[in-house]
There are 2 protein chains.
Amino acid sequence: MKGAHPLPKVSETRKDAVRNDILEAAGRVFKRKGYEAASMKDIVAESGRSFGGVYLYYANKEQLFLELIGRVYREMNESAEGGEGTAPWEAVGRFLRDQLARAADADNGLAPVLYEYLIVGRKEERRMKLIGERHDAVFGAIERLLRSGAEAGTFRPTIPVEAIALTVMSFLDGMFFESIVSGPERIRLDDQFRVLSDMLRSVLMPGEASAVTEEGNPE
Amino acid sequence: MKGAHPLPKVSETRKDAVRNDILEAAGRVFKRKGYEAASMKDIVAESGRSFGGVYLYYANKEQLFLELIGRVYREMNESAEGGEGTAPWEAVGRFLRDQLARAADADNGLAPVLYEYLIVGRKEERRMKLIGERHDAVFGAIERLLRSGAEAGTFRPTIPVEAIALTVMSFLDGMFFESIVSGPERIRLDDQFRVLSDMLRSVLMPGEASAVTEEGNPE
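Residues numbered from 1 in each chain as written. Chains lettered and ligands numbered in written order. Predicted model: local features only at pLDDT ≥ 70, side-chain atom pairs only at ≥ 80, totals over all residues. Heavy atoms only, no water.

1. A word on the nonpolar core
Working step 1: Phe30 and Leu200 of chain A together with Phe30 and Leu200 of chain B are the most contacted members of the largest nonpolar core, which has 143 residues in total.
Working step 2: Among all residues touching leucine 200 of chain A, those that are not within four sequence positions of it are Trp89, Val92, Leu96, Ile164 and Val168 of chain A together with Met199 of chain B. (Core = buried A, V, L, I, M, F, W, Y, C linked by side-chain atoms within 4.5 Å. Buried < 20%, exposed > 50% of the residue type's maximum accessible area, 1.4 Å probe, protein only. Contact = heavy atoms within 4.5 Å.)

2. Some points on the UniProt feature "domain: HTH tetR-type" (unreviewed entry) in chain A
Working step 1: When the UniProt feature table is mapped to this numbering, "domain: HTH tetR-type" (unreviewed entry) covers residues 16-76 of chain A.
Working step 2: As annotated, residues 16-76 of chain A has a helix share of 77% and a strand share of 0%, and its two end C-alpha atoms lie 22 Å apart. (UniProt positions renumbered as here; feature names shortened; annotations may be inferred. Helix = DSSP H or I, 4+ residues; strand = E, 2+ residues; numbered from the N terminus.)

3. Things to note about the domain arrangement of chain A
All names here are of chain A.
Working step 1: Split by domain assignment, chain A resolves into domain 1 (9-59) and domain 2 (61-219).
Working step 2: Computed from C-alpha coordinates alone, the two centres of domain 1 and domain 2 are separated by 29 Å.
Working step 3: Between domain 1 and domain 2, the contact holds 16 residues from the first and 16 residues from the second.
Working step 4: For the pairing of domain 1 and domain 2, the buried interface totals around 1,600 Å² over both sides, and the portion due to carbon and sulfur atoms is 64%.
Working step 5: The tally of links from domain 1 across to domain 2 stands at one salt bridge.
Working step 6: Here glutamate 36 ties to arginine 127 by a salt bridge, and the two come within 3.3 Å at their closest N and O atoms.
Working step 7: Linking domain 1 to domain 2 there are nine residue pairs in polar contact (both at pLDDT 80 or more).
Working step 8: Sorting the residues of the side of domain 1 that touches domain 2 by element identifies helix 1 (12-33) and helix 2 (40-47) as the ones contributing at least two each. (Domains from an automatic or database assignment. Buried area = accessible area lost by both parts, 1.4 Å probe. Salt bridge = Lys/Arg side-chain N within 4 Å of Asp/Glu carboxyl O. Polar contact = N/O pair within 3.5 Å; in protein donor to acceptor, adjacent residues only side chain to side chain.)

4. Quick word on the interface of chain A and chain B
Working step 1: If you look at the interface, chain A gives 47 residues, while chain B gives 47 residues.
Working step 2: Both faces combined, the contact of chain A with chain B buries some 4,200 Å², and carbon together with sulfur accounts for 62% of it.
Working step 3: Among the residues of chain A in contact with chain B, Ile119, Phe177 and Met199 of chain A are the three that bury the most area, contributing 15% of the side total.
Working step 4: Between the two partners, chain A and chain B, sit eight salt bridges.
Working step 5: Here chain A and chain B share 13 residue pairs in polar contact (both at pLDDT 80 or more) between them.
Working step 6: When residues of the side of chain A that touches chain B are traced back to their parent elements, those giving at least two are helix 6 (111-120), helix 7 (125-151), helix 8 (161-182) and helix 9 (189-204) of chain A.

5. Quick notes on helix 5 (residues 88-104) of chain B
Residue and element names in this part refer to chain B.
Working step 1: Between its first and last C-alpha atoms helix 5 spans 24 Å; for 17 residues at 1.5 Å apiece the expected length is 24 Å, and the two agree.
Working step 2: Listed in full, the buried residues belonging to helix 5 are Pro88, Trp89, Ala91, Val92, Gly93, Phe95, Leu96, Gln99, Leu100 and Ala103.
Working step 3: Where helix 5 is buried, its residues meet helix 4 (61-81), helix 7 (125-151), helix 8 (161-182) and helix 9 (189-204). (Expected span 1.5 Å × (residues − 1).)

6. Details of the pattern of salt bridges
Residues and elements named next belong to chain A.
Working step 1: Using the criterion set out here, one finds 40 salt bridges over all chains in the structure.
Working step 2: The shortest N-O distance in the salt bridge between arginine 147 and glutamate 143 comes to 2.5 Å. Linking arginine 147 with glutamate 143, this pair stays in helix 7, spanning four residues, or about one helical turn.
Working step 3: A residue is classified by how much of its surface remains accessible, and arginine 147, at 37% relative accessible area, is partly exposed.
Working step 4: Notably, a salt bridge pairs aspartate 191 with arginine 188, separated by 2.5 Å at the nearest N-O pair.
Working step 5: Take aspartate 191: its relative accessible area is 16%, and that puts it in the buried class.

7. A look at the packing of helix 6 of chain A against helix 8 of chain A
To characterise two packed helices, one gives the angle between the axes of the helices and the distance between these axes.
Residues and elements named next belong to chain A.
Working step 1: The contact between helix 6 and helix 8 brings their axes to 10 Å, and the two run at 110 degrees. Taken together, the axes of helix 6 and helix 8 are roughly perpendicular relative to one another. Between helix 6, through Ala111, Pro112 and Tyr115, and helix 8, the contact on the second element is made entirely by Asp173, Phe176, Phe177 and Ile180.
Working step 2: Each residue belonging to the contact of helix 6 with helix 8 can be placed in one class, and the counts come to six nonpolar, no polar and one charged. (Axes fitted to C-alpha atoms, helices over the stretch in contact; angles between N-to-C directions. Parallel < 35°, antiparallel > 145°, perpendicular 65-115°, else oblique. Nonpolar A, V, L, I, M, F, W, Y, C, P; charged D, E, K, R; others polar.)

8. Concerning the environment of proline 88 of chain B
All names here are of chain B.
Working step 1: In this fold, proline 88 is placed in helix 5.
Working step 2: The exposure class assigned to proline 88 is buried, which follows from its relative accessible area of 15%.
Working step 3: Placed 15 residues apart in sequence, proline 88 and alanine 103 show a C-alpha to C-alpha distance of 22 Å.
Working step 4: Apart from residues no more than four positions distant in its own chain, proline 88 is found in contact with Gly149, Thr154 and Phe155.

See the structure below:
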């Protein structure tokens, strides 16, 4: 409004730092309590700020949760896209190793909260749509990774690339899930990743010698 | 007690029928409300019986849930063990087709309730132990199926059978999960099962022609 005093300026850097603080507090609360049981009251208390100070940035816990999950998917996405300038199979291997590290630590991350949000809210179209978009972005990145290898002639997939990418997503989902409920050692997560890697190689580069042998030498 | 009147005899067949009725009522309630939100009150109402008539058979909702889940795992188990007298790869194929049918209908079964029970209760050792035993039974059946094919000389696995069996379990878990949250068509469940089948064949019978081709002819 003309003539009105301008509000004191808060720099964008400062705002980002505050947002990050609140997000991190929310992440700790979600990990501790799960999605349904967590409340904005918990998050405000955890952040050490005032109610107003938090609501200025985030209207509700779902907004906070979606931003946190968005970060997780963005990292997965970047991991799948980080293959530029790298040989296609090296890029796939790097992506798989990143996912192995994530899956081994899944119980300490946001994956359990995400699974709770999805399973409990599976009848809510809005939730599914919001998560679906993030999920599709990762799927798209994996598909591009496989496709670029096929276009370069390194991969000669025996099955359409889209089906392979979907299968990799299911696989990862299952391994994250089992790692959370049974623990990464009990399900022998390392072994499973070697099997995944070997199977994937067999459909992407059929006829080439397997990297995983009965003696168990990876790569 | 000597001399006391014996209770009126209820035949075992009749008892089994009552148990089954109560279990089916519990199944409907769990599917409708999920695990945490369901109560014995709901189950009693759904069964059309008296409180006493239900508690005579089941002490709490967890007992009912575990018996229902036990049935599901028993069916998976039987499907993996139904291969006697069948060629090993046929038996694997039959098991995979059974699981495909289950996964396509996962949202209407007890899988979502099981996932909720596991994710929400992942810190409760007792829950994990109870489900872990049932899970291990299915895993064991898959492992035996693969091992018997290896002993017969039909399978020449390039990777230890135990690691392959664990990987199949993760895969199935992921596909059930994605089928529930995204729907079987959206994740192209049929295609994924073809990929799983093809990958599995490649590690069990390396060097043999693939059953799934770019043209998409299964088996």
